[in-house]
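Descriptive analysis of the structure
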Amino acid sequence: MSKNVFIFVMLFILNIKIIKNLSDMNQQDLKQISERGISEEKLEVQLEQFKTGFPFLHLEGAAAVGKGIVAPSEEEQKKYISAWDEYKNSGRKITKFVPASGAASRMFKNLFAFLDADYNEPTTDFEKTFFDGIKKFAFRKALCGKCKELYGKSIKELIAEGEYKKIVSALLKPEGLNYGQLPKGLLLFHEYEDGTCRTPMEEHLVEAALYASSDGKANVHFTVSHDHIELFKKKVSEKKDFYEKKFNVKYDITFSEQKPSTDTVAVNPDNTLFRNADGSLLFRPGGHGALIENLNEIDSDVIFIKNIDNVVPDRLKHDTVVWKQVIAGVLVSLQAKNFEYLKVLDSGHYNHAKLEEIIRFLQRDLCCRKPDIKDLEDADLVIYLRKKLNRPMRVCGVVKNVGEPGGGPFLVYNSDGTISLQILESSQIDKNNKEYMDMFTHGTHFNPVDLVCATKDYKGKSFNLPDYVDKTTGFISSKSKNGRELRALELPGLWNGAMSDWNTVFVEVPLSTFNPVKTVNDLLRDAHQGIQK
């Protein structure tokens, strides 16, 4: 059998399986997908994606300062901060959008392993670091109180007796502080001189007051899981008045959950539908890219996006506040110019020289190039320019690469032949392409998820954000459930493919603005010590 015939036969078999998957669905299945708001057509697309996979992206190169990344001088920083001050005090609505749905369980992976280990005293470097630094955790007082409640002894007494696992159990288990199951946003991260401790959620409220408030009002939106939404609401009711008085602002704090309609079906390794023990279909959350639907419902002129765990105590907030204002100033400055050009194009009053000026803005300031643009007649050129200008805009802070896992800024070829700036993850790059892997490995900058977005056109109408998603940028991963292998489908990431067709600008920001907490021991770093030692 020739190679081409073999490929044809395999594709035919896979197509038969897709059709069989759909024809095998029973009334319970149809009810299940209907309750989630998923159409049969959408399910069919997902099954087709399992079959075909996703194409790798075609890269021109990694972005760098002078090549897609802006590094503002001190004078330019002042200009952008001034532009932001003027904008935010002109009656505009500003929202801080914080993805906060993740449980903290991964933070404590090493401590869960310690509980299951066949030894009782700290043995690994991680375990030793945790116990050596236990006095520096903001949650230590609450943990000590819980130890006394459960065991009648303090942390110090339990350590003296070698009862290390009791301390960890009091921290992680439901009968203790339950940190192993709580959302990361509600853990005690930072302790202050006055003895108070703050959660990441509270630190985001503080940040909103410092750089994202307008006319004395701060809008903050958290995306949370269904299981945690009441806990978040309770914490807000406890803390809101305090921070309003402290920062002289009024908060409008809202929540949303990831929509069930963005869940994706799971399949077996042969691409047949994966079923639970009771025969029901298994649906999984589609990843943070699903939040484009939540973002689409935010009615604001400017939206800041930042992860829940990337916060610092007040003594270190200066750089964060300054640079948030800088990137916001870059955004509103570019948007003003963008709107000016759109009005010119819509008016019909322009000449070829004006079109060339707009091309320079698109290529130089918005880093969107069309190699064959000179081949376009003026009429087609106007259509092209208007399409590229009239779309959502984002300015992304990027930090110098220090070896953190995750995505980075790249110049990428798009399906329409243009080249633009994108944030890419390793899953979007062909690992067999040495040139591309070298670009990814040796890129100068890293994506810390530090975005400020404009999602309305010059007439004040909101863009429909799902229209700007590149649906070919999802990926498939191998997972398991109850010991059974499965294939899972991830939607295009929120700051990756979900914003692929936005105008994107990268600005270099200091590494001091990037302080994520991936493990509990990260809280021992100086960046998370509220009290200067």
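The coordinates are above.
Conventions adopted
- Residues numbered from 1 in each chain as written.
- Predicted model: local features only at pLDDT ≥ 70, side-chain atom pairs only at ≥ 80, totals over all residues.
- Heavy atoms only, no water.
- Helix = DSSP H or I, 4+ residues; strand = E, 2+ residues; numbered from the N terminus.
- Buried < 20%, exposed > 50% of the residue type's maximum accessible area, 1.4 Å probe, protein only.
- Contact = heavy atoms within 4.5 Å.
- Areas by Shrake-Rupley, 256 points an atom, 1.4 Å probe, with all protein chains shown as cover.
- Polar contact = N/O pair within 3.5 Å; in protein donor to acceptor, adjacent residues only side chain to side chain.
- Phe/Tyr/Trp six-rings, centres within 6.5 Å; stacked < 30°, edge-to-face > 60°.
- Lys NZ or Arg CZ within 6 Å of the ring centre and 35° of its normal.
- Salt bridge = Lys/Arg side-chain N within 4 Å of Asp/Glu carboxyl O.
- Pairing = 2+ DSSP bridges.
- Axes fitted to C-alpha atoms, helices over the stretch in contact; angles between N-to-C directions.

**Observations concerning the overall build of the chain**
When helices and strands are counted, the chain shows 16 helices and 20 strands. Burial statistics for the chain: of 533 residues in total, 53% are counted as buried. For the chain, restricting intrachain contacts to residue pairs at least 6 apart in sequence, the fraction spanning at least 24 positions comes to 76%. When the accessible surface of the chain is summed, it comes to about 24800 Å², and 50% of that surface belongs to carbon and sulfur atoms.

**Considerations on the side chain of T262**
Relative to the assigned elements, T262 resides in the loop between β9 (250-257) and β10 (264-265). Within the local environment of T262, its side chain forms a polar contact with the backbone oxygen of K259, the two atoms lying 2.6 Å apart. Not counting residues up to four positions away in its chain, the partners in contact with T262 are K42, G286, A290, E293 and L491.

**Some words on the packing of aromatic side chains**
Inspection of every chain in the model, using the stated rule, returns 20 aromatic pairs. Aromatic ring contacts, followed pair by pair, group F108, F114, Y119, F130, F131, F137, F139, Y164 and Y179 into a single cluster. Sitting over the face of the ring of Y192, R198 holds its NZ or CZ atom 4.2 Å from the ring centroid. When the ring centre of F274 is taken as origin, the NZ or CZ atom of R484, which lies over that ring, is 3.9 Å away.

**Examining the pattern of salt bridges**
Following the criterion strictly, the structure yields 32 salt bridges and no others. When the shortest N-O distance is used, the salt bridge between K434 and D438 registers 2.9 Å. A residue pair is termed a helical-turn pair when its members lie 3 or 4 positions apart in one helix, as K434 and D438 do in helix α16 (residues 434-441) at 4 residues. When salt bridges with common partners are traced through the structure, they connect R198, E203, D314 and K317 into a single cluster.

**Looking at the sheet that holds strand β1 (residues 58-62)**
One open sheet holds the 3 strands; their spatial order is β1-β14-β15, and the pairing between them is antiparallel. Of all strands in the sheet, those with a lone pairing partner are β1 and β15 (419-424), marking the two edges. Sheet twist, expressed as the mean angle between neighbouring strand axes with direction ignored, is 40 degrees. The pairing of β1 with strand β14 (residues 408-413) spans 4 bridges and is classified as antiparallel.

**Notes on the environment of S34**
Looking at where S34 falls in the secondary structure, it is placed in helix α2 (residues 27-35). What makes S34 exposed here is its relative accessible area of 52%. Residues S34 and D380, spaced 346 residues apart in sequence, show a C-alpha to C-alpha distance of 43 Å.

**A few points about unusual backbone geometry**
Phi angles above zero are rare outside glycine, and N248 is one such case at about 55 degrees. For N248, the position within the fold is in the loop between α11 (229-247) and β9. Positive phi, close to 60 degrees, is recorded for V449, a residue that is not glycine. Looking at the element boundaries, V449 is found in the loop between β16 (445-446) and β17 (450-454).

**Some thoughts on the environment of D278**
Looking at the element boundaries, D278 is found in the loop between β10 and β11 (283-284). Residue class for D278 comes out exposed when judged on its relative accessible area of 66%. Here the side chain of D278 touches S280 through a polar contact of 2.7 Å, side chain to side chain.

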